[in-house]
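# Analysis of the macromolecular model
Listed here are the chains, written in short residue letters.
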Amino acid sequence: MKSSPFRFSQRLLRWFCDPKLHPSIEGDLLELFEEQTTSKGVKRAKWQFLWEVIKLFRPGIIKSFTGNQRLNQMGMIKNYIKIGWRNVMNQKQFSGINIIGLTIGISACLLILCYVYNEVSYDKYHSKLDRMYRVLHAYGESESPTAEEYQVWGSAPAGPTITNKFPEVENFCRFTSPSIFLLENDTKKFQEDNIMFADSSTFEMFSWRILAGDPQTMLTAPNSIVLTESMAIKYFGTENALGKTLVADHTEQLKVTGVMEDVPSQSQFSFDALISMTSFYNMRPKIFISWGYVDFYTYLLLDEHASLENLREKTKVIYDEMDESDRHSLDYEPMKGAYLNSVAARQPGPVGSLTNVYMLSCIGVFILLIACVNFINLATARSVERAKEVGVRKTLGALKIDLTFQFLAESILIALFSSILAIGVVSLVIPYFHYLVGKPVAFEGLLTTKYFLLYAGLSIFIGLLAGLYPAWVLSKFKPTQVLKGKFKSSRNGSQLRRGLVVFQFCLAIMLVIATTVVYNQLQYMQNKDKGFTQDQMIVVDFGWDNAVQSRIRLLKDKYSAHPDVISISASRAVPGDFFPNAGTGIENPFGEIQYHAPGIYEIDEDFVPNFEIEMAAGRSFSKEFVNDSIEALMINEASLSLYGYSSAEEIIGKKFSQWGRKGKIIGVVKDFNYKSLHAKIEPLTLRFGQNRELRRVAIKVRSMRMQETIAELESIWNNLIPERPFNFVFLDQSFNQHYQSDIRFGRLFSAFALIAIIIACLGLFGLTVYATEQRAKEIGIRKVLGATIPSIMKLISQEFLVLVLIAAVIAIPISWFGMSNWLMSFAHRMTLSLGSFILPTLCIAVIAISTIGWQIVATARRNPVDVIKDE
């Protein structure tokens, strides 16, 4: 069979090519096509033919549009716009419904676009982002840890060792976890809890803007500090901070060697100041050669030709340099996209949720579709009214394509007008949107020429999407039937409208169900028994202050004597806080010391009873056992299986070795959620905290006179420890910070679900208005014959309620599948119940009845004489 080019490519050539040139050009192209079919194959020859046709689209070959065939495109476009505008103004009610619906829909999409743009833009301001990687550490025994078993927090030797051994690594930079300092100058004193130590290479790798100082040397010398702009103003006002001195914890003199801009909000970690890593080295040099001490975030800069797979393979040689007890696996992940994609534990800052981004993006698309469906429904419903207009136009010579362009011009006009209104709406509500999101959202980042062009294109696309089907339906009316009065709305058109209503309410029901499940899951997380008490618990952070630690016993005695204080304890961390991991060896059932790196809490003897943590076996620390402070260790139940035990009683009395201490396991506490319900409870060890190992005091108080109690506790603190401010938080509020992103997501989801419902109801209202207008005479006659208002309401509303019911039947299983998968991302999750689906559906049904009910009642209450006499 003889091959031929694509048919449309030949049609394209005939459409634009000068008729005088066309035969010869097409002949030449066909000859070329046959040659290429033989030499290159049929498929390539077809595409080559199309390419040759496209290249011919140029002056000299394009046929002339002068003379009788001259196309006055601008005149036609003006005519389309003028007629479209008249139709919009003549049908103010339906045009208003369409414009309001599209404006709300486009506004919601713009806000979601701002949010998504903000989420995917994290860390993109770093110029070397494409070459920056984070070092991951996995402390289990597995030789091939899963991505979830790695953590970003690791040991100090990783960075310099990897850089020295592998030439493709150009540089490295380490940050410690945030430290707490009491900073003061001559006049001001504040406790700062977001200061990090950082290597001198920080500003070679990261693109934070320097306001003062030399980025090459500002973090080189010991006791040098770089302040963010906010910190500089906080301590020095408008004076130049460079070269000035701050005193840390009453002892260390820190010289300000640089001032940088505040860390942008779209950053995976933040800090208020950086202190040179050499300062930390001078304080604790041994940890910089220990693979077992974990307190560093390490970033690498690879050269442009580096292969990550090769680097991973070569890294295994480093494992031999680690001690047996410290041996762990290393891996790397790109810094680019880590905010949304990383599943590693112990992140340096908040992480985003790619699932949430996808879910909100879907909501945006849903809302836009619902708004477009409104337009399609109302336009096709009103097709009968415009049938005569179409018939007359066709009789006067209008082509089908002309009418299609006319109706598309109307829809595009409405979409453009709605888009302009949407920009104004977004400008007004963006401050409130910041509250919903919980952080600044860069709307200004979208106000560029590129995005304006995209926005204009999107607006035209929305107009085409909403108007294409109505334009096609209206333009194909036959003038003979219309002008003879034989035209009536087709059954297919009615079915389509019903289908679109079902589609709208299916999306709306799915959104409401999703909102209900998200809200219930948040309530579940906040109300679930966490295994410890957090109510009425005041936590005072004194930041390792030796002066406080030396008086901790006296402080506890003073507070215990207060009538509103129930109990008090001291510890390094409290639930919800940052805590370290510790290489810990425990005797397994076979008598061997087995090493892992569980978390560690350093506590006093009052911690377990103060937090009401239950014991599974053994005992807690006690003053009656003097050796508990150096030879005792407790673990949680999650640690049992880690060391090979099946019951808590079996591990009591077994040997342990941890951070220089050796002794025996004296107790097992029941698992308590010391992090958040997002993650499962992980192995934890609890050992007695000595001086210099405590940082917080937790005070459980009675709630009758909270304000007075806090004031009295502060007074006691100031009398006993005047050199340090009384900085406190409520534990329940502090712990719930882990759920702030979930709460914000729930608020966002609820707000956009509400918008979707409003738009869907707006369309339903429009259809009801149209239906009642069309059936006004029928309603009048029924009333004359004795029909009551409830019976009329039942007659008209039952059609719409059946559609809502069909939508619910479709939406419920889809929602069940989607939300079940969403809940799988939580280690602790609610059980989906039938009520989570039935109640939202009933809610939507009630809203739908309310939307259409009052319009039906208003029509039914009209005087039937006024309606019928029009006949």
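Residues numbered from 1 in each chain as written. Predicted model: local features only at pLDDT ≥ 70, side-chain atom pairs only at ≥ 80, totals over all residues. Heavy atoms only, no water.

## Side note on the overall build of the chain
- Of regular secondary structure, the chain possesses 30 helices and 24 strands.
- For the chain, the spread of C-alpha atoms along the principal axes amounts to about 105 × 80 × 65 Å.
- Each of the 871 residues in the chain was classed as buried or not, and the buried ones make up 50%.
- Across the chain, every contact between residues at least 6 apart in sequence was considered, and the portion connecting residues at least 24 apart equals 79%.
- Accessible surface, the chain: about 41400 Å² in total, of which carbon and sulfur atoms supply 58%.
- One finds the centroid of the 89 positive side-chain charges in the chain at a distance of 15 Å from the centroid of its 83 negative side-chain charges. (Helix = DSSP H or I, 4+ residues; strand = E, 2+ residues; numbered from the N terminus. Buried < 20%, exposed > 50% of the residue type's maximum accessible area, 1.4 Å probe, protein only. Contact = heavy atoms within 4.5 Å. Areas by Shrake-Rupley, 256 points an atom, 1.4 Å probe, with all protein chains shown as cover. Lys, Arg positive; Asp, Glu negative; His and termini not counted. Charge placed at Lys NZ, Arg CZ, Asp CG, Glu CD.)

## Here's the deal with the confidence of the model for the chain
- Residues at a pLDDT of 70 or more form 94% of the chain, whose mean pLDDT is 84.
- A low-confidence stretch, residues 67–71 stays under pLDDT 50, and its non-local contacts, those more than four residues away or across chains, total three contacts. (pLDDT = per-residue confidence, 0-100.)

## Section: the environment of Arg705
- In this fold, Arg705 is placed in the loop between β23 (696–701) and α24 (706–720).
- Judged by its relative accessible area of 31%, Arg705 is partly exposed.
- A sequence separation of 141 residues divides Arg705 from Asp564, and the C-alpha atoms of the two residues are 8.4 Å apart.
- Once residues lying within four places of it in the same chain are set aside, the contact partners of Arg705 are His562, Asp564 and Glu712.

## As for the pairing of strand β11 (residues 296–302)
- Burial analysis of β11 places seven of its seven residues in the buried class, the great majority of the element.
- Inspection of the sheet shows strand β1 (residues 132–138) paired to β11 by three bridges, in the antiparallel sense. Considered in β11, the bridge of Met132 is made with Leu301.
- With seven bridges joining them, strand β3 (residues 169–176) and β11 adopt antiparallel strand pairing. Bridge pairing links Val169 to Leu302 in β11. (Pairing = 2+ DSSP bridges.)

## Side note on unusual backbone geometry
- In the Ramachandran plot, Arg346 falls in the positive-phi region, its phi being about 55° despite a non-glycine side chain.
- Here Arg346 shows up in the loop between α11 (338–341) and α12 (354–381).
- Even without glycine at this site, Trp659 takes up a positive phi of about 45°.
- The topology assignment puts Trp659 in the loop between β20 (655–658) and β21 (661–669).

## With respect to the packing of helix α14 (residues 400–437) against helix α15 (residues 449–475)
- Across the interface, α14 lies against α15 with an axial gap of 7 Å and an inter-helix angle of 140°. Taken together, α14 and α15 sit at an angle that is classed as oblique. Crossing geometry of α14 relative to α15 is assigned as right-handed.
- By residue class, the composition of the contact of α14 with α15 is 17 nonpolar, seven polar and one charged. (Axes fitted to C-alpha atoms, helices over the stretch in contact; angles between N-to-C directions. Parallel < 35°, antiparallel > 145°, perpendicular 65-115°, else oblique. Left-handed = near helix turned anticlockwise from the far one by under 90°. Nonpolar A, V, L, I, M, F, W, Y, C, P; charged D, E, K, R; others polar.)

## Points about the environment of Gly243
- Note that Gly243 resides in the loop between α8 (229–236) and β8 (245–248).
- Sequence separation of Gly243 and Ile757 is 514 residues, and the distance between their C-alpha atoms is 59 Å.
- Those residues within four positions of Gly243 in sequence are excluded, and the remaining contacts are Lys255 and Val256.

## A few points about a nonpolar patch on the surface
- Nonpolar side chains collect at one region of the surface, where Val802, Leu805, Ile806, Val809, Ile810 and Ile814 lie side by side and expose about 520 Å² of accessible area between them.
- Residue class for Ile806 comes out partly exposed when judged on its relative accessible area of 38%. (Patch = residues over 30% accessible without salt bridge, like charges linked within 9 Å, V, L, I, M, F, W, Y side chains within 5 Å. Salt bridge = Lys/Arg side-chain N within 4 Å of Asp/Glu carboxyl O.)

## Regarding the pattern of salt bridges
- Taken as a whole, this structure holds 32 salt bridges when the rule is applied.
- The salt bridge partner of Glu52 is Lys55, with a shortest N-O separation of 3.4 Å. A residue pair is termed a helical-turn pair when its members lie 3 or 4 positions apart in one helix, as Glu52 and Lys55 do in helix α3 (residues 42–55) at three residues.
- Among the charged side chains, a network of salt bridges with common partners joins Arg572, Glu602, Arg661, Arg687 and Glu693.

## Looking at the side chain of Ser201
- As for its position among the elements, Ser201 is in the loop between β5 (189–198) and α7 (202–205).
- A distance of 2.5 Å separates a polar side-chain atom of Ser201 from the backbone oxygen of Phe172.
- Ser201 has contacts with Asn171, Phe172 and Cys173, leaving out every residue within four places of it along the chain. (Polar contact = N/O pair within 3.5 Å; in protein donor to acceptor, adjacent residues only side chain to side chain.)

## Looking at the environment of His22
- Position of His22 relative to the elements: it lies in helix α2 (residues 22–40).
- Since its relative accessible area comes to 15%, His22 is described here as buried.
- Taking C-alpha positions, His22 is 74 Å from Ser177, a pair spaced 155 residues apart along the chain.
- In contact with His22, other than residues within four places in its own chain, are Leu13, Arg14 and Cys17.
- There is a polar contact of 2.6 Å between the side chain of His22 and the side chain of Glu26.

## Topic: helix α19 (residues 552–560)
- For α19, the set of buried residues is Ile552, Leu555, Lys556 and Tyr559. Taken down its axis, α19 places every buried residue within 95° of arc, on the same side.
- In this structure, the buried residues of α19 make contact with α18 (546–550), β14 (565–571), β23 and α24. (Arc of directions from axis to C-beta.)

## Quick notes on the nonpolar core
- Grouped together as the largest cluster of nonpolar side chains are 121 residues, with contacts concentrated most on Phe433, Phe505, Tyr601, Phe611, Phe752 and Trp822.
- No other element matches the 17 residues that helix α26 (residues 740–774) contributes to this core.
- What Tyr601 contacts, discounting residues up to four positions off in sequence, is Ala573, Val574, Pro575, Gly576, Phe579, Phe607, Tyr674, Leu684, Thr685, Leu686 and Arg687.
- Core analysis: the next-biggest nonpolar cluster, separate from the first, contains 31 residues, Met132, Tyr139, Phe203 and Leu301 among them. (Core = buried A, V, L, I, M, F, W, Y, C linked by side-chain atoms within 4.5 Å.)

## Here we look at the packing of aromatic side chains
- All told, the structure shown has 40 aromatic pairs when counted by the stated rule.
- Relative to Trp208, the ring of Phe175 lies with its centre 6.4 Å away and its plane at 75°, an arrangement referred to as edge-to-face. Placement of the pair is Phe175 in strand β3 and Trp208 in the loop between α7 and β6 (210–212), with a sequence separation of 33 residues.
- The class for Phe175 is buried, based on a relative accessible area of 1%.
- Relative to Tyr299, the ring of Phe269 has its centre 5.8 Å away and its plane inclined at 45°; by these criteria the two rings are tilted. Of the two residues, Phe269 is situated in the loop between β9 (252–260) and β10 (273–276) and Tyr299 in strand β11; the sequence distance between them amounts to 30 residues. (Phe/Tyr/Trp six-rings, centres within 6.5 Å; stacked < 30°, edge-to-face > 60°.)

## Some thoughts on α14
- Relative to the 56 Å expected for 38 residues at 1.5 Å per residue, α14 spans just 48 Å between its end C-alpha atoms, considerably shorter than the ideal helical length.
- The sharpest bend along α14 comes to roughly 50°, located at Ile430, with the proline Pro431 sitting one to four residues further on.
- Backbone geometry just downstream of α14 places Gly438 in the positive-phi region, at approximately 85°. (Expected span 1.5 Å × (residues − 1). Bend = angle between axes of the 7 residues up to and from the residue.)

## What to know about the pairing of strand β19 (residues 632–636)
- Where burial is concerned, most of β19 is hidden: five out of the five residues are buried.
- The two faces of β19 match: Ala632, Met634 and Asn636 on one face and Leu633 and Ile635 on the other face are all buried.
- Pairing between β19 and β21: five bridges, direction parallel. Looking at β21, one finds that Asn636 is bridged to Val669.
- With three bridges joining them, β19 and strand β22 (residues 684–688) adopt antiparallel strand pairing. Within the sheet, the bridge partner assigned to Ile635 lies in β22 and is Thr685.

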